[in-house]
Structure formats: C-alpha cells, structure tokens
Amino acid sequence: MPKKAKSEKLIRRGVRTDGRKIHDLRNIKIEVGPLERADGSAYIEWGNNKILAAVYGPREVHPRHLARPDRAFFRCRYHMAPFSTTERKRPAPSRRERELSKVTRVALEPSILTKLYPRAGIDVFIEILQSDGGTRCAGITAASIALVDAGIPMKDLVAACAAGKIDGKIVLDLNEVEDQEGDADVPVAIMPRTGGISLLQMDGILSQTEFKEALELALEGCKQVYELQKEALTKAYVQEEAPVKDEEKSEGEEQNE
Ligand code: ADP
C-alpha cells in the first residue's frame, strides 16, 4: 500500500494505537478444517484480519497443458473480498492481488513435496474476509495449515510474520494504520524446522542496521506463529482422536458383557 501522510503519533509512551507494546504480536486464533467441501482448509483471525484458506488436490490440472511431467503444478490465489476493507475495493482482480498470489506461492512451494505428484495440480485459495494489515503473512500461515489438513506431504510448515518501522522504532506485526502511516514493512516467511526463509520483502526505507533489527524481530514473530500453528493442529488432530478411543473402549466393554 502507498504510504499516506502522517496524521498523529503511532506510539505514545511505548504503547501503540491498538494497545500493544512494540514487540507484541496481535492475538491470533487458528481453526483447522472449517470447510467441508475443500480437501483441506483453515480459518485465521489475526487481530482484525479474518481469512479463510482452502486447498484442493492433488487433482487433475485444468487447463491440462499446465501439467508438469515431473511434479505437481502448484497454484495460489489471494483474493480480497470487496467488503473486506474500509476503503472501496474494486471487485475485479487487481495488480496487488496478482502480486500477493505469486508471493504466497513462492513462500509455500519450497515446503511442498510436489515431485510426489507428477502431472497433478494442487490449488490454494486465500479469501480475505476482513483486512487490517499483514494479510499476506496471515494468509500464508493459514494456507500452510490448510495444506496439512488436505494431507499434502510437506517438509515443514510455513510460518509468516512482518516487522516494520513506525515513529522511528522497529515494531512487530504492523496493523493497517501502522502499515499506511509508518515508514517501512518487512514481511517474512520461514520453514521453522530447517530455518529456511521463503519470503522476504521490504516496503519503505530502512538503514542496514534497522533492516537487520526488523528481520530478527520478524523471525521471532514467525517462531511465535509456528507455536500457534502446532497448537491448532494438535488440538484438531490429537485431541480429536481421544473420543474415538473412548468409543472403541466402551464398544469393547459392551462386547465383553
Ligand atoms: P498486507 O495486507 O500484506 O500488509 P499491503 O501492505 O498491500 O498488504 O496492505 C496493507 C493493508 O492495506 C491491507 O491489509 C488492507 O487492510 C489495506 N489494503 C490493501 N489494499 C487495499 C485496497 N485495494 N483497498 C483497500 N484497502 C487495502
């Protein structure tokens, strides 16, 4: 987003406009598998962002000429609902949506074992229902969970988070006002087990020292996001299995009676 003219201070006595301290992440809630029709899905609330991610595949690729002989064809679509922002958003696909679709694909693809599915297609759809800055990172984080939910073999999860500069300070996880009125934004995505960085962008201007500080802070944010992803998956899969075991146990008990 283009930077707007600064209106008022974004940090007062160490506190940001939404009450956070400079190194605080917004509240994040992840739900695994909310959509029944998709092969895998996830819903994320990241501060005021509300985002759905759906995955289809591996399945036949359409149009067929896009199929690759040695790997799955991996596609991502990032889409912002016209009602997702306070400003009017044109319903037609924008240049920004095309860019963020590509950025999402590039961030996720290194974690996916595409060579296991030659000629097949894997599709990721990200729908921004409500946006408040940092939607690319939240979308990538949700899509990575949806890929797991679809059972797509992966080397690692992908966790994303941004850091940036507002009022001369390096802060974690910029919201929309901070993004628009601040000085810079550095979105980062990592594959936490290997430590590989699959997304690194910079919007705005930072000195070398500031960039290093922002990158380190964003990496810390990614690690916190990774813990929340693991927690959501554990809650969805490990705890879900427990009642089945109980049922099996009671069935066994009934048979013994
Ligand atoms: P990100 O959401 O990844 O931070 P941007 O920096 O491009 O991506 O956008 C920052 C925020 O600005 C978005 O999260 C959204 O709230 C708002 N925004 C972006 N594009 C538009 C648009 N076309 N119309 C209205 N608001 C937008």
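About the thresholds
As a convention, each chain's residues are numbered from 1 in the sequence order in which they are written. The predicted nature of this model means local features are confined to residues of pLDDT at least 70 and side-chain atom pairs, given and counted, to a pLDDT of 80 or more, with totals for whole chains, interfaces and linings taken over all residues. Hydrogens and waters are ignored; side-chain quantities use all the structure's heavy atoms. Paired rings are identified among Phe, Tyr and Trp, the last through its six-membered ring, by centres lying within 6.5 Å, and are further divided according to the angle between planes into stacked (under 30 degrees), edge-to-face (over 60) and tilted (the rest). Under the DSSP-based scheme used, a helix requires at least four consecutive residues in state H or I and a strand at least two consecutive residues in state E, with every element numbered from the N terminus. Partly exposed residues are those whose accessible area sits between 20% and 50% of the maximum for their type, while under 20% is buried and over 50% is exposed, using a 1.4 Å probe and protein chains only. Note on terminology: near, applied to a residue and a molecule or strand, indicates that one of the residue's heavy atoms is within 4 Å of it. Here a polar contact is taken to be a pair of N or O atoms separated by no more than 3.5 Å, where protein atoms must pair a possible hydrogen donor with a possible acceptor and residues adjacent in sequence count only if both atoms sit in side chains. Think of it as three bins: nonpolar holds Ala, Val, Leu, Ile, Met, Phe, Trp, Tyr, Cys and Pro, charged holds Asp, Glu, Lys and Arg, and polar takes everything else, Gly as well. If DSSP finds at least two bridges between two strands, the strands pair. Between the N-to-C directions of two axes lies an angle of 0 to 180 degrees, each axis being a line fitted to C-alpha atoms and, for a helix, fitted only over the stretch in contact. Contacts: residue pairs with any heavy atoms within 4.5 Å of one another. To estimate how far a helix should extend, the number of its residues minus one is multiplied by 1.5 Å. Basic side-chain nitrogens of Lys or Arg form a salt bridge, by our definition, when they fall within 4 Å of a carboxyl oxygen of Asp or Glu.

(A) Molecular detail of the packing of aromatic side chains. Applying the stated criterion across every chain yields a total of one aromatic pair. Arranged with centres 6.0 Å apart and planes meeting at 80°, the rings of Tyr56 and Phe125 form a pair that is edge-to-face. Within this pair, whereas Tyr56 is found in strand E5 (residues 49-60), its partner Phe125 is found in strand E7 (residues 120-130), the two being separated by 69 residues in sequence. For Tyr56, a relative accessible area of 25% gives the class partly exposed. Taking the relative accessible area as the measure of exposure, Phe125 reaches 26% and is therefore partly exposed.

(B) Up close: the site of the ligand. Around the ligand, 14 residues are found, and the nearest of them are Arg96, Gly133, Gly134, Thr135 and Glu176. Here an oxygen atom of the ligand and a side-chain polar atom of Thr135 are 2.5 Å apart. Within the side chain of Arg136, one N or O atom sits 2.8 Å away from an oxygen atom of the ligand. If one sorts the elements of the shell around the ligand by residue count, helix H3 (residues 176-181) sits on top with three residues. Looking at side-chain class alone, the shell around the ligand contains two nonpolar, six polar and six charged residues.

(C) Structural view of the pairing of E5. As paired strands, strand E4 (residues 40-46) and E5 are joined by seven bridges and run antiparallel to one another. Residue pairing for E5: Trp46 is matched across the bridge by Asn49. Two successive antiparallel strands, E4 and E5, enclose a turn made up of two residues, where Gly47 displays a positive phi of approximately 60°. In this sheet, E7 lies alongside E5 in antiparallel orientation, the contact comprising nine bridges. Residue pairing for E7: Ile51 is matched across the bridge by Ile128.

(D) Summary view of the sheet that holds E7. Sheet architecture is open: five strands sit in the order E3-E4-E5-E7-E6, paired in mixed fashion. Edge positions in the sheet fall to strand E3 (28-32) and strand E6 (73-80), since each has one partner strand and no second. Strand-to-strand twist across the sheet, computed as the mean angle between neighbouring axes with direction ignored, equals 15°. Set on the sheet, helix H1 (residues 95-108) makes contact with E6 and E7; between it and E6 the angle comes to about 140°. Running over the sheet, helix H2 (residues 135-149) touches E3, E4, E5, E6 and E7 and is turned about 150° from E4.

(E) Region of interest: H2. With 15 residues, H2 should reach 21 Å at 1.5 Å per residue; the first-to-last C-alpha distance of 21 Å fits that figure. For H2, a buried count of 13 out of 15 residues is recorded, marking the element as mostly surrounded by other parts of the structure. The first or second residue beyond H2 is Gly151, which carries a positive phi of 75°.

(F) View of the side chain of Ser101. Mapping Ser101 onto the fold places it in helix H1. Ser101 gets classed as buried once you look at its relative accessible area, which sits at 10%. A polar contact is formed between the side chain of Ser101 and the backbone oxygen of Glu97, at a distance of 2.8 Å. Excluding anything up to four places from it in sequence, Ser101 contacts Cys76, Arg77 and Tyr78.

(G) Representation of the pattern of salt bridges. Scanning all chains against the criterion turns up 18 salt bridges. Among the salt bridges present, the one from Lys165 reaches Glu210, with a minimum N-O distance of 3.0 Å. Residue Lys165 is located in strand E8 (residues 159-166), and its partner Glu210 is located in helix H4 (residues 208-256); the two are separated by 45 residues in the primary sequence. The burial state of Lys165 is the same as that of Glu210; both residues are buried. Each of Arg16, Asp18, Arg20, Arg26, Asp132, Asp173 and Glu178 takes part in a single network of salt bridges with overlapping partners.

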